[in-house]
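Read off the chains here:
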Amino acid sequence: MDVRSVLVEDARRMLACLASGRITPAPAVTAKPASIYTDTEQFEREKERLFRRVPLLLAASCELPAPGDCKVMDVVGVPLLIVRGQDGVVRTFLNACTHRGASLMRECGRAARLTCPYHAWSFRLDGSLLGIAAKDSFGEVDADAAGLVSFPTTERAGLVWAILDPAATPDFDAFLGGFDQLLAQFGFETWHLFESRSLQGANWKLAFDAHLEFYHLPVLHRATFGPGMSNLAEYFYHGPHQRLGLLTRADHVLEQDDIAGLADKPESEWPLASLLFGEWIVFPNVSINCFYKGGRGVILSQVWPGPTVGESTTVQIFLHENPPGEERMADAQAMSDFLGQVVGTEDLPMSRQQQEVLSSGLLREVRFGRNEGGVQHFHDWVDRFANAPEDLSAADVLGSAPLSSGNP
Ligand code: FES
Ligand SMILES: [Fe+2]
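Procedures and definitions
- Every chain begins its residue count from 1, and numbering advances along the sequence as written.
- Each chain takes a letter, starting from A, and each ligand takes a number, starting from 1, following the order in which they are written.
- Residue-level local features of this predicted model are given only where pLDDT is at least 70; pairs of side-chain atoms are given and counted only at 80 or more, and the full residue set underlies all totals for whole chains, interfaces and linings.
- No hydrogens and no water enter the side-chain calculation; it runs on all heavy atoms of the structure.
- UniProt positions are given in the numbering used here, feature names are shortened, and annotations may be inferred rather than shown by experiment.
- Only runs of H or I of at least four residues qualify as helices and only runs of E of at least two qualify as strands under DSSP, and these elements are numbered from the N terminus.
- Exposed residues in this analysis have more than 50% of their type's maximum accessible area, buried residues have under 20%, and partly exposed residues fall in between, with area computed by a 1.4 Å probe over protein chains only.
- In this description, strands pair whenever DSSP reports at least two bridges between them.
- Residue count minus one, scaled by 1.5 Å, sets the expected span of a helix.
- The contact criterion used is simple: two residues touch if any of their non-hydrogen atoms lie within 4.5 Å.
- Whenever a helix is involved, its axis is fitted only over the stretch in contact; in every case the axis is a line through C-alpha atoms, and angles between N-to-C directions fall within 0 to 180 degrees.
- Note that the term roughly parallel is reserved for angles under 35 degrees, roughly antiparallel for angles over 145, roughly perpendicular for angles of 65 to 115, and oblique for everything else.
- The nonpolar class holds Ala, Val, Leu, Ile, Met, Phe, Trp, Tyr, Cys and Pro. Asp, Glu, Lys and Arg form the charged class, and all remaining residues, Gly among them, are polar.
- In this analysis a donor is any N, O or S atom within 2.8 Å of a metal ion (3.2 Å for sodium, potassium and calcium), and since water is not included, sites may seem incomplete.
- A site with four donors is called tetrahedral when every donor-metal-donor angle falls between 85 and 135 degrees; four donors are called square planar, and six octahedral, when opposite donors sit more than 155 degrees apart and all other angles fall between 65 and 115; any other arrangement is irregular.
- Segment limits for the domains were obtained from an automatic or database-derived domain assignment.
- Once two parts are brought into contact, the accessible area they lose, counted with a 1.4 Å probe and summed over both, makes up the buried area.
- Within this document, salt bridges are pairs made up of a side-chain nitrogen of Lys or Arg and a carboxyl oxygen of Asp or Glu, the two lying within 4 Å of each other.
- In the analysis that follows, any N or O atom pair within 3.5 Å is treated as a polar contact, provided that within protein one partner can donate a hydrogen and the other can accept it, and provided that, for residues neighboring in sequence, both atoms belong to side chains.

By the naming in an unreviewed UniProt entry, the protein goes by Aromatic ring-hydroxylating dioxygenase subunit alpha and is assigned to Novosphingobium jiangmenense. Entered under Cofactor (unreviewed entry) in the UniProt record, the comment concerning the protein runs "Fe cation".

Quick word on the UniProt feature "domain: Rieske" (unreviewed entry) in the protein
Taking the UniProt record as the reference, the feature "domain: Rieske" (unreviewed entry) is found at residues 56–162. Secondary structure content for residues 56–162 is 4% helix and 40% strand, while the C-alpha to C-alpha distance between its ends is 5 Å.

Examining the pairing of strand 20 (residues 365–368)
When a strand is regular, its side chains alternate between the sheet's two faces. Covered by surrounding structure in strand 20 are V366 and F368 only, the residues E365 and R367 on the alternate face being uncovered. Both strand 1 (residues 30–33) and strand 20 contribute to a ladder of four bridges, which runs antiparallel. Bridged to P33 within strand 20 is E365.

Remarks on helix 1 (residues 3–20)
Taking 1.5 Å of rise per residue, 18 residues should cover 26 Å, and helix 1 covers 26 Å from first to last C-alpha, within 8% of that figure. Of the positions making up helix 1, those classed as buried are V3, L7, V8, D10, A11, M14, L15, C17 and L18. Residues of helix 1 that are buried make contact with helix 5 (179–183), strand 14 (233–238), strand 15 (241–246), helix 9 (272–275) and strand 16 (279–282).

What about the packing of helix 2 (residues 40–51) against helix 11 (residues 373–387)?
One way to put it is that helix 2 packs onto helix 11 with a least axis distance of 8 Å and a crossing angle of 80°. Here helix 2 lies roughly perpendicular to helix 11, going by the angle between them. Residue-level inspection shows Q42, R45, E46, R49 and L50 of helix 2 in contact with helix 11, the latter providing V382, D383, F385, A386 and N387. The residue makeup of the contact of helix 2 with helix 11, split by class, is four nonpolar, two polar and four charged.

Some details on the coordination of the iron ion (ligand 2)
Within the protein, H216 (NE2), H221 (NE2), D347 (OD) and D347 (OD) serve as the donor atoms for the iron ion (ligand 2), at 2.1 to 2.6 Å. Classification of the site at the iron ion (ligand 2) as irregular follows from its four donor atoms and the range of 55 to 149° in their angles at the metal. Sequence positions of the residues that donate to the iron ion (ligand 2) give the spacing H-x4-H-x125-D. On the basis of relative accessible area, H221 is assigned to the buried category, the value being 1%.

Notes on the domain arrangement of the protein
Here the protein is partitioned into domain 1 (3–54 + 178–399) and domain 2 (57–169). One C-alpha centre belongs to domain 1, the other to domain 2, and the line joining them spans 30 Å. In this assembly, 21 residues from domain 1 lie in contact with 20 residues from domain 2. With both sides pooled, the region where domain 1 packs onto domain 2 buries about 1,700 Å², and carbon together with sulfur makes up 70% of that total. Considering only the surface of domain 1 that becomes buried against domain 2, R52, D180 and W304 emerge as the three largest contributors, covering 30% of it. For D180, the salt bridge goes to R156, with nearest N and O atoms at 3.0 Å. There are three residue pairs in polar contact (both at pLDDT 80 or more) connecting domain 1 and domain 2. Listing elements by their share of the side of domain 1 that touches domain 2, those giving two or more residues are helix 2, helix 5, strand 13 (192–201), strand 18 (296–305) and strand 19 (312–320). It is strand 18 that provides the largest number of residues to the side of domain 1 that touches domain 2, a total of four residues.

Notes on the pairing of strand 14
Judged by how many residues are buried, strand 14 sits mostly within the fold: five of six residues are covered. Looking at chain direction, strand 14 and strand 15 are connected through six bridges and run antiparallel. Pairing of Y237 across the sheet is with Q242, part of strand 15. In sequence, strand 14 turns back onto strand 15 through a hairpin of two residues, with G239 there showing a positive phi of about 60°.

Examining the sheet that holds strand 2 (residues 56–60)
Sheet architecture is open: three strands sit in the order 2-12-11, paired in antiparallel fashion. Since the sheet does not close on itself, it has two edges, and those belong to strand 2 and strand 11 (153–156), each with one partner. Strand-to-strand, the axes of this sheet are offset by a mean angle of 30°, without reference to chain direction. As paired elements, strand 11 and strand 12 (residues 159–162) share four bridges and run antiparallel to each other. By the bridge assignment for strand 12, E155 is matched with V160.

Shown next as structure tokens:
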């Protein structure tokens, strides 16, 4: 893939949209049953056939910068332990001792080895069994069979993906389809973790819908973003992934690079930072938004399904090209607080209110406009995975026929 050509082509289309004030509309207004947000069987299918089949963006590399760094998380009921080994390779394990299943780590941190808090079995950072406490009295164990359960994992573009099926034949290239090569242009591998926080919301798709359209910006976020925000998004689809460009010439709230300024320059001089405009959506549940405060930063939001169909957790991970703690980072801190407030006090309370209404069962359908093509795109891809037979790999599902209502 010629990465620069793809980015330049996207920027060309974005400039044309800015000049005309129009977006490329989706072919039609579409509708889905309101039950997609409330049906427990559908929710179970999404966890099994989507979240346990496709590669998930679990972490930023800078959350685990050094050998021994660990990240502990629970994803759709699967307790995970992500570890950077002595060899620098990041691996994802089931956070479970192979003696009798105790959690090896309770929280993120750094470890030289993984020692179980129950009977002190220990494991190397590559997941192999290192030692059994009181081995003489315990007896013989096949060390090869007693290594940690491990999930296919890849680290690329300064981000970590894993598939929550130990038996999966991983095909990260097919799933990412070069989107990782575009994301690699940010250079996240040299960035820093600024801070992270968790926020509670309603059904994961209700919470994630708000990341996929700008229709609500000047309305729901009137008090925070101001009424002057555009409500139009131009969508750039890359397989199930996508990118949104806001139809505002200069975004004063987030102080993004003014993409309109590119129109005055020859294409060969368009700076990379400007070509990375917009919001990047990594299917199925991650959005990456750029901001410019004290240098370049992004907020990486992961929207994880919760314990029930009506609950989700949004994890906001703030990454910055500069290390935290320096003088100029006060602005970045203010931006981080601001974005936490926007999502925590405006978007997520709205999702909980919708959930309550939809749970009544009395609203039959929800609708997605021609200006919300990216939301249609997302739901079509979720359905495609949730309805595909269990024995198909993610790559098989990607190659299967699209749904009839599918977007380009
Ligand atoms: S459960 Fe881990 S050592 Fe016993
Ligand atoms: Fe929002």
